[in-house]
Amino acid sequence: MAKLIVIAAPSGAGKTSLIKALLTEAKHLKFTLSVSYTTREKRVTEKHGESYYFINKEEFELMIKKHEFLEYADVFGDLYGTSRSWVKSKIRNGWNVILELDWQGASQVKDIYPNTETIFILPPSFADLKIRLNERGLDKKKTIKKRLTEAKEEVREGQHFDHLIINDEFEEALTDLKTIILGNNNLSKERQSIVKERISRLLEL
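These remarks concern the structure in this document. (Residues numbered from 1 in each chain as written. Predicted model: local features only at pLDDT ≥ 70, side-chain atom pairs only at ≥ 80, totals over all residues. Heavy atoms only, no water.)

Quick word on the overall build of the protein
What the protein contains, in helices and strands, is 8 helices and 9 strands. Expressed along its principal axes, the backbone C-alpha trace of the protein runs to roughly 45 × 45 × 30 Å. Taken across its 205 residues, the protein has 43% of its residues classed as buried. Residue pairs at least 24 apart in sequence account for 68% of intrachain contacts in the protein once pairs closer than 6 positions are excluded. Here the protein displays about 11,600 Å² of accessible surface, and carbon together with sulfur accounts for 49% of that area. With 34 positive and 31 negative side-chain charges, the protein shows a separation of 2 Å between the mean positions of the two kinds. (Helix = DSSP H or I, 4+ residues; strand = E, 2+ residues; numbered from the N terminus. Buried < 20%, exposed > 50% of the residue type's maximum accessible area, 1.4 Å probe, protein only. Contact = heavy atoms within 4.5 Å. Areas by Shrake-Rupley, 256 points an atom, 1.4 Å probe, with all protein chains shown as cover. Lys, Arg positive; Asp, Glu negative; His and termini not counted. Charge placed at Lys NZ, Arg CZ, Asp CG, Glu CD.)

Here's the deal with the sheet that holds strand β9 (residues 163–166)
With respect to topology, 5 strands assemble into an open sheet ordered β2-β7-β1-β8-β9, the strand pairing being parallel. Edge strands, defined here as strands with exactly one partner in the open sheet, are β2 (31–33) and β9. Strand-to-strand twist in this sheet, taken as the mean axis angle between neighbours without regard to direction, amounts to 25 degrees. Note that strand β8 (residues 117–122) and β9 share 4 bridges and pair parallel. (Pairing = 2+ DSSP bridges. Axes fitted to C-alpha atoms, helices over the stretch in contact; angles between N-to-C directions.)

Comments concerning the packing of helix α5 (residues 126–136) against helix α6 (residues 141–158)
The contact between α5 and α6 brings their axes to 11 Å, and the two run at 140 degrees. When the axis of α5 is compared with that of α6, the two are oblique. Classified by chirality, the crossing of α6 by α5 is right-handed. Within the contact between the two elements, α5 uses F126, L129, K130, L133, N134 and R136 and α6 uses I144, R147, L148, A151, K152 and V155. Within the contact of α5 with α6, the residues separate by chemical class into 7 nonpolar, 1 polar and 4 charged. (Parallel < 35°, antiparallel > 145°, perpendicular 65-115°, else oblique. Left-handed = near helix turned anticlockwise from the far one by under 90°. Nonpolar A, V, L, I, M, F, W, Y, C, P; charged D, E, K, R; others polar.)

Thoughts on helix α1 (residues 15–25)
Those residues of α1 lying buried are K15, L18, I19, A21 and L22. The arc that holds every buried residue of α1, seen down its axis, measures 165 degrees, which confines them to one face. Each element contacted by the buried residues of α1 is listed here: β1 (4–8), β2, β7 (96–101), β8 and α7 (170–181). (Arc of directions from axis to C-beta.)

So, the packing of aromatic side chains
Applying the stated rule across the entire model yields 8 aromatic pairs. Measuring from ring centre to ring centre gives 5.8 Å for Y52 and F54, while their planes differ by 65 degrees; the resulting arrangement is edge-to-face. Ring geometry for F60 and Y72: centres 6.4 Å apart, planes at 75 degrees, overall edge-to-face. Separated by 12 residues along the polypeptide, F60 in helix α2 (residues 57–65) and Y72 in strand β5 (residues 69–75) bring together distant segments of the chain. The class for F60 is buried, based on a relative accessible area of 0%. Grouped by ring-pair contacts, the aromatic residues Y37, Y53, F60, F69 and Y72 constitute a single cluster. (Phe/Tyr/Trp six-rings, centres within 6.5 Å; stacked < 30°, edge-to-face > 60°.)

Structural notes on the nonpolar core
Of all hydrophobic cores here, the largest spans 45 residues; its most connected members are I7, L99, I119, L122 and I181. Counting 6 residues, the second-largest nonpolar core is a separate cluster that includes Y37, I55, F60 and F69. (Core = buried A, V, L, I, M, F, W, Y, C linked by side-chain atoms within 4.5 Å.)

Re helix α8 (residues 189–204)
Its 16 residues give α8 an end-to-end C-alpha distance of 23 Å, which sits within 8% of 22 Å, the value for a rise of 1.5 Å per residue. Of all the residues in α8, the buried ones are R191, V195, I199 and L202. Summarising the axial view, the buried residues of α8 lie within an arc of 65 degrees, below the 170-degree limit, and thus occupy one face. Facing away from the buried side of α8, by more than 90 degrees, are the exposed residues K189, E190, K196, R201 and E204. Of the surrounding elements, those touching the buried residues of α8 are β8, α5, α6, β9 and α7. (Expected span 1.5 Å × (residues − 1).)

So, to be careful, I would describe these as geometric facts and stop short of saying anything about function.
Structural data, given as structure tokens:
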């Protein structure tokens with residue numbers, strides 16, 4: 001039976017890279033990533049219909065009125081949403097659908113599809129997250145500060161997801177993701193122990 005999987009993380013924790021790597025390794029299987037709608041401006045490296053469907057606020061609000069979104073959220077003043085009909089169609093045709101969302105979107109999807117599998121990607125530390133956000137060079141300092149503040153709330157909410165993965169070493173995090181999604185297994189006791197220890201530190205701050 002086709003699965004619906006939500007993967008969330010604080011901005012800069014590496015979820016997009018992990019998802020891309022997972023899909024590359026699972027290309028012979030029926031896994032697909034949903035492309036969200038957004039009102040934010042398109043970055044130079046992004047393509048309409050591949051990265052996101054870039055639409056204006058009026059178009060987005062009309063889609064809300066028509067109940068066309070499975071979930072939607074306001075993130076730093078920009079709107080993001082997932083097409084309800086697209087997800088239904090893919091699942092009906094046997095595709096395992098991955099949604100790359102924030103914790104709010106994950107909660108909305110879980111309410112509609114209780115069997116949704118939720119995975120939260122944790123950064124090793126907030127200091128490490130700050131370095132990653134600065135190094136990728138996509139946001140202004142003011143935006144990075146907001147993202148770091150929001151990250152603490154996201155981790156508090158993310159601890160309640162079905163699975164937690166610590167992205168300390170990319171290949172190990174990818175192995176953990178494959179274990180959960182492709183192997184339908186839980187993480188090893190050693191990796192679970194690392195996650196438990198790291199999230200305790202993150203929640204102390």
